[in-house]
Amino acid sequence: MTTIPTSPASSAPAYPAPRRAGCPMDPAPLIGSLQAEAPLARVTLWNGTRAWLVTRHAEARRILRDPRFSADLRAEGFPFVSPSQLIGLERPISFIRMDAPEHTRRRRMLTSEFMIKRVAQLRPEIDEVVEQLLDDVAAAGPPVDLVKTFTLPLPSLVICRLLGVPYQDHEFFQRCSAVLLNQASDADAARDASDRLRGYLHELVERKAAHPEDDLLSRMISEHEANGDLNRDDIVANALLLLVAGHETTANMTAMSIIDLQQHPEQWAALRERPELIPGAVEELLRHLSILHTGVPRAALEDVEVGDTTIRAGEGVLISLQAANHDARAFDDPGRLDVARSSRSHVAFGFGVHQCLGQPLARAELQSALTAVLRRFPNLKLAKPVEEIPFRETMTIYGVYELPVTW
Ligand code: HEM
């Protein structure tokens, strides 16, 4: 069983750290100053426990591919960045928080569903959803909140169709996942949201077992429950992970990409004139924005030397993907958005065995969304100054609550 270390607070700065007031697109200043000093720094979490924060690209990749660092939230010293995350210990866990061999076994059952080839077959359907949503945006006329009308419905509709979750329940599951991903939620609120979402998915899986359809939930039941590979709780844990990861990430990435490009009008213009740059631009936007902004958690299973530092067994580690993606040792002038540069080595989708399973789907949705927005609304503008847009400061996945635009 996990024991949560309770070392006294010290000079190690509090983490996660706030961004600079008025600069919602820039990483927290603390990240840059820690990165300049050393590849690893001690930080203090909300409950007074300490963790290592990894801020440089080379060390981030090294740690993420090293099996001596566990992604299992039951591992000694696993760093929880908020009270709401602790409830993960009380519930059946999904493979994102497991290690090999169990992680490998469970991930493998889903890889064919998210392969590049499989996602390419979904692309016409994704493009169709994009066009339909933008038809409604155009018909509504400016000003329009793009989060409500486009960036959130797009990935929600796609993941619902893929999994076999009824889209009409979107307000319910979006509300629950917003509570789960909010680091400001208290444990009771997170517990309640988790139970309600799991209860909902259990009922849905029950219905699919009785009346299978052509969707991923039905396939998990017929292919993996039937032969004892997965039980009902495992299927619900997988469904929860895919439903939440499948819509929150891409929704915020799409909205943030539009804002980032609006903040850099010459980059918007370049993409409008040369749409063939869009796939590369998506990679650069993933790097520049790094919306999983509070760090990927791991726990050291043994003492490990990283440069001059020894990370002791049982110590928690947070790998800041945002800091790694803004490391000048890996990317020239990293604060600059340059849609024409090669940013392929970014770690916005993580690195190593847990690297994002849904990345081909996320890329397809982002490319389709940006292509269509630039083509249909070439003169799009934010309807408010960026400083007045509410940003998701306390959320595990950074982004915006609304995106008012005009054209
Ligand atoms: C822009 C969009 C996305 C970003 C930035 C993103 C980012 C990430 C990151 C950083 C990880 C690694 C976490 C870790 O190492 O602990 C991850 C894992 C994962 N993501 Fe994504 N993701 C995105 C979209 C998606 C989508 C659309 C899906 C599903 C449909 C998805 C499903 C998953 C799953 C299942 C894992 C766990 C993989 C494993 O542990 O083996 N993600 N994602």
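Everything below is about the structure printed above this text.
Residues numbered from 1 in each chain as written. Predicted model: local features only at pLDDT ≥ 70, side-chain atom pairs only at ≥ 80, totals over all residues. Heavy atoms only, no water.

Of the pockets and cavities examined, the largest pocket occupies roughly 410 Å³. In terms of lining residues, the largest pocket is bounded by 19 residues, among which V147, K148, L152, Q174 and Y401 are the most central. Contributions of two or more residues to the lining of the largest pocket are made by α6 (146-151), α8 (170-180) and α11 (232-263). For the lining of the largest pocket, the element with the highest residue contribution is α8, accounting for 5 residues. For the lining of the largest pocket, the residue count by class is 9 nonpolar, 4 polar and 6 charged. (1 Å grid on protein atoms, 1.4 Å probe; cavity = no way out; pocket = protein on both sides within 12 Å on 5 of 7 lines; lining within 4 Å. Points joined across faces, edges and corners; volume = space filled by probe spheres on them. Helix = DSSP H or I, 4+ residues; strand = E, 2+ residues; numbered from the N terminus. Nonpolar A, V, L, I, M, F, W, Y, C, P; charged D, E, K, R; others polar.)

Let us now look at the pattern of salt bridges. This model, assessed by the stated rule, comprises 33 salt bridges. Measuring nitrogen to oxygen at the nearest pair gives 2.9 Å for the salt bridge that ties R91 to D195. Pair noted here: R91 is in the loop between α3 (83-86) and α4 (102-111) and D195 is in helix α9 (residues 187-210), with a separation of 104 residues, a long-range link. Residue R91 is classed as buried on the basis of its relative accessible area of 16%. Sharing partners across several salt bridges, the network here consists of E90, R91, D188, R191 and D195. (Salt bridge = Lys/Arg side-chain N within 4 Å of Asp/Glu carboxyl O. Buried < 20%, exposed > 50% of the residue type's maximum accessible area, 1.4 Å probe, protein only.)

We now examine the site of the ligand. Within the structure, the ligand sits among 29 residues, and H103, R107, R298, H354 and C356 are positioned closest to it. R97 is positioned with one of its side-chain polar atoms (N or O) 3.4 Å from an oxygen atom of the ligand. With respect to the ligand, the side chain of R107 contributes an N or O atom lying 2.7 Å from an oxygen atom. For the shell around the ligand, the secondary structure elements donating two or more residues are α4, α11, β5 (296-300) and α15 (359-376). Counting residues per element, the shell around the ligand draws most heavily on α11, at 7 residues. Considered class by class, the residues forming the shell around the ligand number 19 nonpolar, 7 polar and 3 charged. (Near = heavy atom within 4 Å. Polar contact = N/O pair within 3.5 Å; in protein donor to acceptor, adjacent residues only side chain to side chain.)

So, on to the packing of aromatic side chains. Applying the stated criterion across every chain, the model contains 4 aromatic pairs. Ring centres of F172 and Y200 lie 5.2 Å apart, and the angle between their planes is 55°; on these two criteria the pair is classed as tilted. Here F172, found in helix α8, pairs with Y200, found in helix α9; they are 28 residues apart in sequence, far enough to count as distant. The ring of Y401 carries the charged tip of R392 above its face, separated from the ring centre by 6.0 Å. (Phe/Tyr/Trp six-rings, centres within 6.5 Å; stacked < 30°, edge-to-face > 60°. Lys NZ or Arg CZ within 6 Å of the ring centre and 35° of its normal.)

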